[in-house]
Amino acid sequence: MDFGQYQNIVTISVYGSAIALILIGLYAVLIKKNLIKIVIGLSLADAGIHLLFVAIGYLKGGTAPIFSPSVVGENVTMVDPVPQALVLTAIVIGFAVTAVALSLVIRLYKHHNTARIDQIKSLKW
Amino acid sequence: MKNIIVIALLLVVGFYLVDSFNYIKFGDNRLGAPSDEKTVGAYYLNNTVEKTGVANVITAIIVNYRGFDTLGEVTVLFLATTGLGSILYRRRKEGEHEERVTKESSYLLQTGSKILFPFVILLGIYVFIHGHLTPGGGFQGGAIVATGFLLMLIAYKNFKLGHNQLTWVESLAGITFVSIGMWGLITGGTFLENSFIPKGTLNSLFSGGIIPIIYIAVGFKVAAELTGVLDILLSIKPSKIKK
């Protein structure tokens with residue numbers, strides 16, 4: 001796909017949304033008091049990083065790196081497969097992190113009857 | 001005060017992210033021409049079909065080139081399931097049996113999920129069996145299968161999952177993965193060597209040697225693990241609020 005005169009807009013929107021997702025996630029992790037929201041922030045930052053990776057791997061006019069019967073023998077450009085494989089790994093690890101973090105949140109909630117970190121006093125020293 | 005510091009920090013981080021991505025143009029060809037391989041990606045694109053006989057390059061990377069990494073990844077998933085179980089473990093009282101928090105759902109949802117369930121499972125199995133031919137693979141297919149089980153867990157309050165069966169499926173899949181890898185060592189090659197099963201013709205179901213077998217094993221393992229996670233998270237009872 002050739003973006004032509006829209007090249008700049010496409011670049012800004014793809015990279016911009018990815019970086020915005022990362023920053024929103026970091027903001028939630030740093031500012032929010034509710035533990036569930038912190039976990040959501042982690043997931044958001046994760047999603048932003050995945051988007052950034054796949055965007056780096058994209059090249060103009062590239063198809064998915066699959067040698068299906070319709071592209072065998074034809075002169076096609078394919079996108080970089082390495083970031084996609086890395087992102088597949090990262091998604092799975094992100095899932096594992098989210099699941100364990102949520103279970104810790106549940107445990108804390110049951111112990112303190114609140115999911116807000118500023119109300120969990122026993123964490124302070 | 002804290003907000004201002006955080007926003008300043010985020011502005012610095014954002015500035016440097018944006019600044020560094022000024023140099024990486026979106027859509028630029030960084031792979032180099034097919035004749036000279038500048039990057040690893042170009043090497044994979046040029047050699048995957050010939051060396052592994054698999055049409056989907058990403059599958060070849062995940063299962064073959066970086067197969068050891070995938071073994072570690074599956075182990076991380078297993079550890080997450082185990083950790084979840086041990087963190088949320090609760091000793092059951094006498095005569096108390098496991099029961100989920102969800103209420104009995106409506107007749108519409110129950111019937112709908114009963115009809116959809118086999119098709120969702122079928123789609124998941126299709127996705128991981130054809131992981132080396134089409135987009136998708138073990139992880140994606142496993143996630144789809146787990147979605148089917150989630151549907152049933154939401155719709156039916158008394159839907160029971162056989163925990164022994166889940167453990168068996170997961171263990172057998174893991175053993176299959178490791179033993180196929182070890183077989184490469186036994187026959188005198190390297191771990192996960194892809195040479196003792198004929199590679200077949202490109203773009204047919206039986207192609208790629210050990211790659212589809214390993215991806216099917218990964219699919220079963222991921223499906224069992226994700227279903228286990230969902231079951232553990234859904235079977236938590238709400239704590240009584242102490243005033």
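Criteria and thresholds
- Residues numbered from 1 in each chain as written.
- Chains lettered and ligands numbered in written order.
- Predicted model: local features only at pLDDT ≥ 70, side-chain atom pairs only at ≥ 80, totals over all residues.
- Heavy atoms only, no water.
- Helix = DSSP H or I, 4+ residues; strand = E, 2+ residues; numbered from the N terminus.
- Rg over C-alpha atoms; globule rule 2.2 N^0.38 Å.
- Buried < 20%, exposed > 50% of the residue type's maximum accessible area, 1.4 Å probe, protein only.
- Contact = heavy atoms within 4.5 Å.
- Buried area = accessible area lost by both parts, 1.4 Å probe.
- Salt bridge = Lys/Arg side-chain N within 4 Å of Asp/Glu carboxyl O.
- Polar contact = N/O pair within 3.5 Å; in protein donor to acceptor, adjacent residues only side chain to side chain.
- Core = buried A, V, L, I, M, F, W, Y, C linked by side-chain atoms within 4.5 Å.
- Expected span 1.5 Å × (residues − 1).
- Phe/Tyr/Trp six-rings, centres within 6.5 Å; stacked < 30°, edge-to-face > 60°.
- Patch = residues over 30% accessible without salt bridge, like charges linked within 9 Å, V, L, I, M, F, W, Y side chains within 5 Å.
- Areas by Shrake-Rupley, 256 points an atom, 1.4 Å probe, with all protein chains shown as cover.

Enquirer: Any chance you could explain the overall build of chain A here in plain terms?
Expert: Of the regular secondary structure elements, chain A holds 3 helices and 0 strands. Starting at the N terminus, the α and β elements of chain A follow one another as α-α-α. The globule rule puts the C-alpha radius of gyration for 125 residues at 14 Å, and the 20 Å found for chain A is more than 25% above it. Considering only C-alpha atoms, chain A reaches an extent of 65 × 35 × 20 Å along its principal axes. Across the 125 residues of chain A, 38% fall into the buried class. In chain A, the proportion of contacts linking residues at least 24 apart, taken out of those at least 6 apart, comes to 54%.

Enquirer: Explain the interface of chain B and chain A to me, please; I cannot follow it from the model alone.
Expert: By a widely used convention, the size of an interface equals the accessible area lost when the partners come together. Counting residues at the interface gives 57 residues for chain B and 49 residues for chain A. Interface of chain B and chain A: buried area, both sides summed, is about 4500 Å²; carbon and sulfur atoms make up 75% of it. The largest share of the area that chain B buries against chain A comes from F21(B), F26(B) and I87(B), three residues that together contribute 17% of it. At the surface where chain B touches chain A, the tally comes to 0 salt bridges. Where chain B touches chain A, the interface holds 6 residue pairs in polar contact (both at pLDDT 80 or more). Secondary-structure elements contributing two or more residues to the side of chain B that touches chain A are helix 1 (2–21), helix 2 (40–52), helix 3 (57–65), helix 4 (67–87), helix 6 (138–155) and helix 8 (211–234) of chain B.

Enquirer: Which parts of the structure should I look at to understand the nonpolar core?
Expert: As a rule of thumb, nonpolar side chains are buried together in soluble globular proteins. Counting 34 residues, the largest nonpolar core has I62(B), F139(B), I214(B), Y215(B) and V218(B) as its most contacted members. Elements with a contribution of two residues or more to this core: helix 3 (81–112) of chain A together with helix 2, helix 3, helix 4, helix 6, helix 7 (163–186) and helix 8 of chain B. Setting aside anything within four residues of it in sequence, one finds I62(B) in contact with A85(A), L88(A), T89(A), G67(B), T70(B), F139(B) and Y215(B). With 16 residues, the next largest nonpolar core counts V10(A), L52(A), V79(A) and L10(B) among its residues.

Enquirer: I tried to follow helix 3 of chain A on my own but got confused; where do I start?
Expert: Residues lying three or four places apart along an α-helix face the same way, a consequence of the helix completing one turn every 3.6 residues. Taking 1.5 Å of rise per residue, 32 residues should cover 46 Å, and helix 3 of chain A covers 46 Å from first to last C-alpha, within 8% of that figure. One side-chain oxygen of the residue at the start of helix 3 of chain A lies 3.3 Å from the amide nitrogen of V82(A), identifying that residue as D80(A).

Enquirer: Would you take a moment to explain the side chain of K221(B) for this structure?
Expert: All names here are of chain B. Positionally, K221 belongs in helix 8. With a relative accessible area of 11%, K221 lands in the buried category. Once you skip the residues sitting within four places of it in the chain, K221 turns out to touch V74, F78, E170, A173 and G174.

Enquirer: Just checking my understanding: could you explain the packing of aromatic side chains for this structure?
Expert: Within a pair of aromatic rings, the relevant descriptors are the distance that separates the centres and the angle that separates the planes. Applying the stated criterion to the full structure yields 9 aromatic pairs over all chains. Aromatic side chains Y15(A) and F21(B) sit 4.9 Å apart centroid to centroid with 45° between the ring planes, which places their arrangement in the tilted category. Of this pair, Y15(A) sits in helix 1 (residues 7–31) while F21(B) sits in helix 1, placing the two residues on different chains. On the basis of relative accessible area, Y15(A) is assigned to the buried category, the value being 4%. Exposure remark for F21(B): the relative accessible area of 12% places this residue in the buried category. Ring centres of F15(B) and Y16(B) lie 5.2 Å apart, and the angle between their planes is 75°; on these two criteria the pair is classed as edge-to-face. For Y16(B), a relative accessible area of 54% gives the class exposed.

Enquirer: Can you walk me through helix 8 of chain B in this structure?
Expert: For helix 8 of chain B, built from 24 residues, the straight-helix expectation of 34 Å at 1.5 Å per residue is met to within 8% by its first-to-last C-alpha distance of 34 Å. Taken across its 24 residues, helix 8 of chain B has 18 buried, putting it largely inside the fold.

Enquirer: Looking at this structure, I do not really get a nonpolar patch on the surface. What am I missing?
Expert: The grouping of V178(B), M182(B), W183(B), L185(B) and I186(B) at the surface amounts to a nonpolar patch, some 470 Å² of accessible area in total. Assignment of secondary structure puts L185(B) in helix 7.

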